[in-house]
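Report on the structure
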Amino acid sequence: MLCSKVWQVFLSVASVAATVISAQDFQDSITFEQRLGGSGLDVANAVIELEDGGYAVAGYTSAGAENGIDVYVVKLDSMGLVLWANAYGQSGNDYGWDLMENDFGEIVVVGYTTSTTTGDEDVLLLAIDPSGHLRWRRRFGGDRNERAWSLERVPDGGMVIAGQTQSVGKPDWDVYMLRLGPGGNQMWAQVFGADGVDRAFDVAVADDGGFVFVGTTTSELESPRDLYFIRVDSLGKPVWQRAYGGDSDDVARSIVSVGDGGFVVTGYGSSFGTGGNDAYLIYLADDGVIEWRTEVGHPGDDRAMMTVQRDGGGFLTIGSTDVDGDWNLLLIETDATGGRLSNRTLNAPGEDRGIGVLRTSDGGYLLVGAFGASSGASDFGILKLRP
C-alpha cells in the first residue's frame with residue numbers, strides 16, 4: 001500500500017532554501033557545440049563518456065524516419081567531432097531515453113517502441129557496437145503499454161531499468177522495474193502502484209546493492225502528482241516507499257547516489273516556491289527521509305531534470321526556464337547542502353531545453369537536450385563547457 005503524503009511533516013525538520021532566479025549567460029564557457037538532426041523533431045536525452053575517451057549521446061529523431069520517430073545515437077571524439085550518427089527504427093515510433101556502456105564495449109540504449117504487432121508500446125533495449133552497428137534488439141512488455149525512461153549499470157555488468165506499465169491490474173500506469181543481466185536477459189521485474197497513476201523516471205544503485213527509484217504518484221486519477229520514492233533490495237523486494245507533495249503537481253525526474261549513503265533527487269513542482277513550476281533539489285537519506293530541499297525559480301516556469309556532483313563538492317543541475325514565453329537552458333550550481341552558488345542560462349535563438357548533463361573526466365561538463373526549438377521542431381543539441 002502506498003504511504004501517505006508527508007511533505008508538510010518534513011518541513012519542520014529539513015533545511016529548505018527558496019531562491020528566485022537571476023541568471024547570467026554561459027555562452028562564453030562553451031568549448032564545442034553540435035546541433036544535429038533534420039528539420040523536424042530531434043531530441044538528445046542522455047550522454048555518457050566512453051572507455052576510449054569519447055562520448056555517446058542517445059535520443060530520438062524524425063529525420064529520415066519513414067515511419068515516424070527513430071532512436072538516434074551519436075558518437076563523438078573527445079574534441080566534439082562526430083564519428084558517427086545513426087538512426088535505429090522499425091515500423092513504428094522508437095524512442096531512446098538513456099544509455100550505458102557494457103563490459104563488451106557495446107552502447108546499450110533504453111527507451112520504448114510502438115514497433116510491435118499490436119502497436120502497443122513496449123520497453124526497447126538496443127546494443128550497438130563501437131562502430132555504430134546494431135548488435136541486438138530486445139523488447140519487454142505485457143498486453144498493454146510499457147515505457148522505459150532510464151537505466152543504470154550495476155556492479156555485475158548488468159543493468160536496472162526504470163519505467164512504467166499498464167499491463168498489470170487496472171489500465172492506469174504503474175511503476176515498472178526491470179533487472180537485466182549483462183546480455184540483456186531479464187532477471188526479475190517488479191510493479192508498484194496504487195489506485196492512481198504511478199511512474200518511475202530514474203533509478204540509482206544503493207550502497208547495499210539495492211535500488212532507489214524516483215518518479216511521480218497520484219492517490220487517485222484526478223489528484224495532483226506527488227514525488228514518489230521507492231527503495232527495493234537487490235532482488236526487487238520493497239524496503240520502503242515515500243510520497244511527498246502538496247496541493248499541486250510535483251515531479252521527481254532523476255536521482256544520483258552521492259557516496260555518503262544518501263541521494264540527490266532532481267525535479268520540479270508548483271506546490272511551493274515563487275509561482276508556477278520551480279526547480280527542486282532534494283537530499284534523500286538512506287532511510288528515505290528528506291534532510292534538505294532547495295527550490296529555485298521565478299514567477300514563470302522552471303524545471304530541473306538532472307544533477308551531477310561538481311569537482312570540489314556541491315552540485316550542478318540542468319533544466320529549463322521559461323522567460324517571457326521563451327524556454328532557455330538553465331544551469332544551477334549549489335553547494336553540498338543545496339545552497340545556491342549561481343544560475344546560468346543559454347541565451348540563443350529559438351527555445352533550448354536542457355535534459356541531461358555529464359561531468360567529464362577533464363572536469364568539464366557535457367549538456368544535452370532539445371535546442372533551437374520552434375513550431376514543433378528542435379535540434380539534437382550537445383554542448384561542452386570548460387571546467
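Residues numbered from 1 in each chain as written. Predicted model: local features only at pLDDT ≥ 70, side-chain atom pairs only at ≥ 80, totals over all residues. Heavy atoms only, no water.

Examining the pattern of salt bridges
Inclusion rule: Salt bridge, as used here, is a side-chain nitrogen of Lys or Arg placed within 4 Å of a carboxyl oxygen of Asp or Glu. Strands are runs of DSSP state E lasting at least 2 residues, helices are runs of H or I lasting at least 4, and numbering of each runs from the N terminus. Only protein chains enter the area calculation, which uses a 1.4 Å probe; residues under 20% of their type maximum are buried, those over 50% are exposed, and those in between are partly exposed.
Under the definition given, this model contains 18 salt bridges. A salt bridge links Arg-153 to Asp-103, with the nearest nitrogen and oxygen atoms 2.1 Å apart. A residue pair is termed long-range when its members are at least 10 positions apart, and Arg-153 in strand 12 (residues 146-153) and Asp-103 in the loop between strand 8 (94-101) and strand 9 (107-113) qualify at 50 residues. Given the relative accessible area of 33%, Arg-153 is considered partly exposed. Across the salt bridge formed by Glu-121 and Arg-147, the nearest N and O atoms sit 2.8 Å from each other. Of the two residues, Glu-121 sits in the loop between strand 9 and strand 10 (122-128) while Arg-147 sits in strand 12, which places them 26 residues apart along the sequence. Accessibility expressed as a relative area gives 12% for Glu-121, which makes it buried. Among the residues examined, Arg-147 registers a relative accessible area of 22% and is labelled partly exposed.

Comments concerning the pairing of strand 10
Put simply, the test is: Pairing between strands requires that DSSP locate at least two bridges from one strand to the other.
Of all seven residues that make up strand 10, seven are buried, and the element is covered over most of its length. The sheet contact formed by strand 9 and strand 10 spans seven bridges and is antiparallel. Note on strand 10: the bridge partner recorded for Tyr-112 is Val-123. In this sheet, strand 11 (residues 134-140) lies alongside strand 10 in antiparallel orientation, the contact comprising six bridges. For Ala-127, the partnering residue across the bridge sits in strand 11 and is Trp-136. Taken together, strand 10 and the strand that follows it, strand 11, pair antiparallel across an intervening segment of five residues, in which Gly-132 is found at a positive phi of about 95°.

Brief notes about empty space enclosed by the protein
Our working definition: The definitions used throughout rest on a 1 Å grid laid over the protein atoms alone, on which a cavity is an enclosed set of points accommodating a 1.4 Å probe that cannot get out and a pocket is an open set flanked by protein within 12 Å on both sides along at least five of seven lines; lining residues are those having an atom within 4 Å of a point. Grid points are joined across faces, edges and corners, and a volume is the space filled by probe spheres set on the points.
Evaluated as defined, the whole model comprises one cavity of 30 Å³ or more. For the largest cavity, the calculated volume is near 50 Å³. Forming the walls of the largest cavity are Ala-279, Tyr-280, Leu-281, Thr-294, Val-296, Ala-304, Thr-317, Ile-332 and Thr-334. Sorting the residues of the lining of the largest cavity by element identifies strand 22 (278-284), strand 23 (290-297) and strand 26 (326-334) as the ones contributing at least two each. In terms of residue count, the dominant contributor to the lining of the largest cavity is strand 22 (three residues).

Remarks on the layout of surface pockets
In this model, the largest pocket occupies a volume close to 1,000 Å³. Along its surface, the largest pocket is lined by 37 residues, and Val-47, Ile-48, Asp-98, Glu-152 and Met-306 are the ones closest to its centre. Secondary-structure elements contributing two or more residues to the lining of the largest pocket are strand 4 (42-49), strand 8, strand 12, strand 16 (198-205), strand 20 (250-257), strand 24 (301-309) and strand 28 (351-359). Roughly 530 Å³ of internal volume is contained in the second largest pocket. When residues of the lining of the second largest pocket are traced back to their parent elements, those giving at least two are strand 12, strand 16, strand 20, strand 24, strand 28 and strand 29 (365-374). Here the lining of the second largest pocket takes four residues from strand 28, the largest share from any one element.

Quick word on the sheet that holds strand 13 (residues 159-165)
Applied cut-off: Axis angles are defined between N-to-C directions and span 0 to 180 degrees, where every axis is a line fitted to C-alpha atoms and, for a helix, only to the segment in contact.
Taken together, four strands build an open sheet; the order of strands is 12-13-14-15 and the sheet is antiparallel. Both edges of this open sheet fall to strand 12 and strand 15 (186-192), since each of them pairs with a single strand only. In this sheet, neighbouring strand axes are inclined to one another by 20° on average, regardless of whether the strands run parallel or antiparallel. Looking at chain direction, strand 13 and strand 14 (residues 174-180) are connected through seven bridges and run antiparallel. Of the residues in strand 14, the one forming a bridge with Ile-161 is Leu-178.

Brief notes about the environment of Ser-219
Put simply, the rule reads: Throughout, a residue-residue contact means that at least one pair of heavy atoms, one from each residue, lies within 4.5 Å.
Topologically, Ser-219 is positioned in the loop between strand 17 (211-217) and strand 18 (226-232). Residues Ser-219 and Gly-193 lie 26 residues apart in sequence; the distance between their C-alpha atoms is 9.3 Å. Not counting the four nearest positions on each side in its chain, Ser-219 is found in contact with Asp-195 and Gly-196.

Thoughts on the nonpolar core
Our working definition: Here the nonpolar core consists of buried residues drawn from Ala, Val, Leu, Ile, Met, Phe, Trp, Tyr and Cys, with membership extended through side-chain atoms lying within 4.5 Å.
Judged by nonpolar contacts, the single largest core of 16 residues is most densely connected at Phe-229, Ile-255, Phe-263, Val-265 and Leu-284. Broken down by element, the residue count for this core peaks at three residues, all from strand 22. Each residue touching Leu-284, except ones within four places of it in the same chain, is listed here: Val-212, Phe-229, Trp-240, Gly-262, Phe-263, Val-265, Val-289 and Ile-290.

Function cannot be inferred from these measures alone, as they are strictly geometric.
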